[in-house]
Every structure is written in C-alpha cells, then in structure tokens.
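# Structural features, examined
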Amino acid sequence: MSDGGFVRPVRTEVNRGFWEGVDDGVLRVQRCLGCGELRYPPASRCPRCLDAEWTWQPVSGRGEVLSYVVVHQRYHPAWSDRVPYNVVLVQLDEGPRLISNVLPLSGADLRVGMAVRVVFDDEDGVRVPRFVSTDGTDGATEPN
Amino acid sequence: MGWRRAAISGVGVSRQGKLPDETPNSLAAEAFVAALDDAGLRRENVDGLLTMPGTKSPEGAKHYLALGEQLGINPRITGSLSMGGATAGVLIQQAALAIDAGMASTVACVFGDTAKTGGSRFNAAAGTDTDSWGIWGMFGNAANSAFGAQRHMARYGTTSEQLGWVAVTMREHAALNPDAIMRERITLDDHQSSRMIVDPLHLLDCCIISDGAVAVIVTSPERARDARSAPVDIWGMGQGHTLEKLGRPDWWYLPHQADCVSDAYRMAGVSPADIDVAQLYDNFTISVLFWLEHAGFCAPGEAGPFVEGGKRIRLGGDLPVNTAGGNLSESYMQGWLHVVEGVRQLRGECGPRQVDGARLCLVTGRGMTLNTASCLILGGTA
Ligand SMILES: [Zn+2]
C-alpha cells in the first residue's frame, strides 16, 4: 500500500470468505445465523443483533447505482495514470451496499439509478468485484 | 427562553495561513492567550482544558497532556477528542455540561494545526474495518461529499452552478473579513472553469487548507457577565452520528445532521425562523446545501434554489451564512472559526460584515468522512 502499488485487499478471518468467493467468481456477503440479516462490509458480529455466527451467502450480484463520482485528482500512484475514473456506491438487490467501480473505469454513461451486475476484474493479479451496466437489457445475456 | 446554563466568555484566534515556523501547540498557545485576553481572564481562572489534536499533532489522543504542560494548567477536567469538523461543537458541549454539573468553572476548548505547512492532503483512503476503499480507487474527503452531491443532483435537479453560488457568496463575505486568507472575489465562471477534483465537485467547491489555531472559553452565564467582552449564551446543543456508513440506507443524505439540529432547536425552544445568522460547516459547497435542509431553512431538495444567486445567504439576505467566509474562504480551522464568527456576530463586533440586530446564531459542524455532526444555538446579550 505504501509502495505506491495497487491497494491490495488484506485478508482476515472476517473478510476471507468474501475474497475467496471473489476468487471463485461468486459475490458473497455474510448472513447472520442469529437474525438472518445479510451484511456488508464483513464484520465479526452482526450490527443488527450482535450475534457472532455467520455463513457466506451468495447473492445475485445485481443492483443499482445509488450514487457515483468521477475522480480527476491524482490521489494515489496506482490510480494516477487512470484519471478520470469512476467510483460507485452500489445498492445490491438483496440489500447490502458496497463501494466499487463500473467498467469501463473511464465510462461516462453513468447515472444514479442505473442497473448494474457484478463482474470479476483482474487488478495486478488479484480478482476484484466491479460492475457493468445492465440498463436496457434484461441483464442476463452476458456470462461473467 | 433557551437552556442558557453555560456561556462563551472569550474567543481567541492565532494567525492563520502558512506559518512554517510554528507547531500545532505553539499556535494553540497563541490562540489560548488571545482568548484569555478577550475574556479578561488570567490563566489561573481556567480549570478545564478540552482539546482537539491537529492533523499534524504528534500526540494523538494524548494531546491534552502536551498542551496542558505548555499552558501550565492542572485542570479539574481534561481530554482530547478527534471528531473532525464536529469536534468544536462537541467539546464546547462537554465543557458546558461540566460547568452546569459543577465539575469545572471555566473551560478552555482548544484546537491547533499546521495542516498547510505539514502538507496534510486529506487524501487517505476511506473504508471499513475490514477493507480499504482504496481497492476501488476511493481516496480523499472530496469523494464522500461528491457522492452526496451527485445523488442530490439526480434526485432534486440541483446543479453545479447552484453549488458555485455558495463558493461565490462565501468569498464575498471573506472579502469583508480582514483576517480571511482568500479575499479575492470570484465569479460563477471562475467556479465553473476551476478544475474538477472529484466530479461533480470542482476545485472551488473545496475548502482551503491552513495552519492556525482557535480557543474558546466556556464558563457559567454568571461568570460570563463579568468578562471583558459581551457574553454569548448557549441556548441549545445537539449531536448526531452515523457510525455504520454503508449500513445505514440513507447515509449519503447525512440523516444524523437533522437529528443534531432538531435536538438543539428543542433545547433552545426556538425554530428556524428565529435564527438570524448561520455558520454552517462547509468542507465542500454541497455541505451548506445539506445543512440548509437539515436545519429546516428550506424543505428537503430545495437548497439548490435557496442558494441560487446567493441572494438569501449573503449579508443582507434572509439568512446570512458563513459571514466570515467559512472553511471555503476564511481559513480551514475545521469548524472552530464558525463558532468564533457566531460569537462575534452576536457581540456586534463584525464591522462591515455585521448582521444588524443578530440575536441568535446556529453553528454546525460535521466530520470524519460524513459521520459526526454537532450543533450549537448561541444567543447574544449585547
Ligand atoms: Zn443478526
């Protein structure tokens, strides 16, 4: 992270299942065994009921763009040659929200409310969940 | 009317700008001495010290130890708190509660930083306990506010030009403030042609970064009436915080800001129509729009038209906002100067930028990405 390279995910006991799912091409979030709540970001306990037991639940990977920004400022060496690029706040159909990007990173056709589905992109040898627009399609035509 | 069980009896401001020979604590001491003088107090009168470490303070959470040693204070209450732009309000509230409870009689709340000289860029990756959002290129404070701006635009038709009117109007106010750092007037065209930082936020949507310090002396209303300067009473106080971020569905709309302001109104026994002047935390222009809505000065979604043309929010308008220039143009003291300007307006000390007959001022702060918020309603006695 400090060498200026890509900010690599740090796998811990709590988020390992998320990143292992991504490795396998499956978007998963935690499902609380106490109350059934689906949660992201990964946490050791459920913020709803504070239960410490969970399983990893595959989700559809479909959702909508709650908001987006286009970064022009060169904040970080790994991203400096990619400006301008987008960052999006995605609401998954199943409920949880996450931060990601819509491909292409430089894409200009973003809008709030846009339908998206997850894809798995390669970033310096690490698989990272990103999204593509499914606006105007049924979203089911392209394989991941 | 109003809570009025504590008051602000002194404010002190150090030099502001780029001050390469100073440290956060040397500036904090300068502000502290100025605040004592403003209140007509001696250091020995101060029995509480609450501090906010600067971004370049090496002591972190132990900041009160170093500053207390520098100031020669052995206080009855002390501590340091880092809640970003909400901290000034929160510390003043803690001081007020301690005074009301009899745990201290006169509390200095102090902040100092050398963010400009020290090169603080406010560019850290945001994120959660488990994953940095830097994985997706999300860095810096602007991106978080830009999410809110973009959604406000999509949902309500708010425009970049409307945000620009906030920048232009705050600069007009700064031009009337001899202590402001950015005093050269700007136009809407200047705003629109300033480079994009994080779309939809341009450079002129962003606050400046500065070195400097501020101290605020809080005491009982009775003691404040013996001070050198006119006392300013605390009528209402409130806080609200969203710590879950992604876990709260409307996080982007800062629902905790509405909570903190409504608590303060209730405590003060007043409504938005009673407020004469407002100092609204403006790390970015969009923040002013959110505060206008959350504080009830306009309905949700109507802040864009409210600020358009600057007519309502400028001096002489229905609700003069950030009359000293704010974080955008006066100096970036993370909301501390918003308190100072509120006090000075209520004392009638503001010369060409004075709001005639200002009697009640709403002061807000917000920090830590989008997460913490505080509000003070201050009442003048001058
Ligand atoms: Zn649960």
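Residues numbered from 1 in each chain as written. Chains lettered and ligands numbered in written order. Predicted model: local features only at pLDDT ≥ 70, side-chain atom pairs only at ≥ 80, totals over all residues. Heavy atoms only, no water.

## A few points about the overall build of chain A
Selection criterion: A run of H or I in DSSP counts as a helix once it spans at least four residues, and a run of E counts as a strand once it spans at least two, with each numbered from the N terminus. Note on exposure labels: buried denotes an accessible area under 20% of the residue type's maximum, exposed denotes more than 50%, and partly exposed covers the range between, all computed with a 1.4 Å probe on protein chains only. Residue contacts are counted whenever heavy atoms from the two residues lie within 4.5 Å of one another.
Along the backbone of chain A there are 2 helices and 8 strands. Taking the principal axes of the C-alpha coordinates as reference, chain A spans close to 45 × 40 × 25 Å. Every one of the 144 residues in chain A was classed for burial, and the buried ones make up 49%. Across chain A, the fraction of contacts at a sequence separation of at least 24, relative to all contacts at a separation of at least 6, is 51%.

## Considerations on the domain arrangement of chain A
Residue and element names in this part refer to chain A. The criterion, for reference: Note that the domain bounds reflect an automated or database-derived domain assignment. By convention, the term buried area covers the 1.4 Å-probe accessible surface removed from two parts as they join, with the contributions of both added.
The domain architecture assigned to chain A consists of domain 1 (11-58) and domain 2 (60-144). With centres defined by C-alpha atoms, the gap from domain 1 to domain 2 works out at 21 Å. Tallying the contact residues gives 12 residues for domain 1 and 11 residues for domain 2. Taken over both partners, the interface formed by domain 1 and domain 2 buries close to 960 Å², and the fraction arising from carbon and sulfur atoms is 75%.

## Topic: the pairing of strand β11 (residues 372-380) of chain B
Residue and element names in this part refer to chain B. To keep it simple, the criterion reads: When DSSP finds at least two bridges between two strands, those strands are taken to pair.
Among the 9 residues in β11, 9 count as buried, and that is most of the element. When strand β8 (residues 232-241) meets β11, the two strands line up antiparallel, connected through 9 bridges. By the bridge assignment for β11, Gly 238 is matched with Cys 375. Note that strand β10 (residues 360-367) and β11 share 8 bridges and pair antiparallel. Looking at β11, one finds that Gly 367 is bridged to Thr 372. Between β10 and β11, which follow one another and run antiparallel, lie 4 residues, and Met 368 among them has a positive phi close to 55°.

## As for the coordination of the zinc ion
All names here are of chain A. Put simply, the rule reads: Metal donors were taken as nitrogen, oxygen and sulfur atoms no farther than 2.8 Å from the ion, or 3.2 Å where the ion is Na, K or Ca. Water is excluded, so coordination may look unfinished. A four-donor site is classed as tetrahedral when every donor-metal-donor angle falls between 85 and 135 degrees; four donors are called square planar, and six octahedral, when trans pairs exceed 155 degrees and all remaining angles lie between 65 and 115, with any other arrangement labelled irregular.
Note on the zinc ion: its protein donors are Cys 32 (SG), Cys 35 (SG), Cys 46 (SG) and Cys 49 (SG). The metal-donor distances range over 2.3 to 2.4 Å. Coordination at the zinc ion is tetrahedral, judged from the 4 donor atoms that bind it and the angles of 98 to 115° they form at the metal. The sequence motif formed by the donor residues of the zinc ion is C-x2-C-x10-C-x2-C.

## A few points about the state of the cysteines
By definition, a disulfide links the sulfur atoms of two cysteine residues through a covalent bond. Where we set the bar: By convention in this document, the label disulfide applies to cysteine sulfur atom pairs within 2.5 Å.
Scanning all chains against the criterion turns up 0 disulfides over all chains. Cys 206 of chain B provides the cysteine sulfur closest to Cys 207 of chain B, a residue in no disulfide bond, and the two sulfurs are 7.1 Å apart.

## Observations concerning the sheet that holds strand β7 (residues 211-219) of chain B
Residues and elements named next belong to chain B. To be explicit about the condition: Angular values range over 0 to 180 degrees, each being the angle between N-to-C directions of two axes fitted as lines to C-alpha atoms, with helices fitted over their stretch in contact.
What the 9 strands build is an open sheet, ordered β3-β2-β4-β7-β1-β8-β11-β10-β9; its pairing is mixed. Sheet topology places β3 (77-80) and β9 (277-279) at the edges, where each strand pairs with a single neighbour. Geometrically, the sheet is characterised by an average inter-axis angle of 25° between neighbouring strands, direction not taken into account. On top of the sheet, helix α3 (residues 87-100) reaches β2 (48-52), β3, β4 (106-114), β7, β8 and β11; it is set at about 120° to β8, its chief contact.

## Things to note about the interface of chain A and chain B
Applied cut-off: Should a side-chain nitrogen of Lys or Arg be within 4 Å of a carboxyl oxygen of Asp or Glu, the pair is scored as a salt bridge. Within 3.5 Å is the distance limit for a polar contact, defined as a pair of N or O atoms, with the added protein rule that one can donate a hydrogen and the other accept it, and that residues adjacent in sequence qualify only through two side-chain atoms.
Listed by partner, the interface residues are 40 residues for chain A and 31 residues for chain B. Of the roughly 3100 Å² buried where chain A meets chain B, counting both sides, 61% is carbon and sulfur surface. Interface area lost by chain A to chain B is led by Tyr 75, Arg 97 and Ile 99 of chain A, which between them contribute 24%. If you look at where chain A meets chain B, you find 1 salt bridge. Among the ionic pairs, Arg 48 of chain A bridges to Glu 244 of chain B, the shortest N-O distance being 2.8 Å. If you look at where chain A meets chain B, you find 16 residue pairs in polar contact (both at pLDDT 80 or more). Of all the elements in the fold, those that place two or more residues in the side of chain A that touches chain B are β4 (62-71), β5 (85-92), β6 (97-100) and β8 (126-133) of chain A. Looking at the side of chain A that touches chain B element by element, the count peaks at 6 residues for β4 of chain A.

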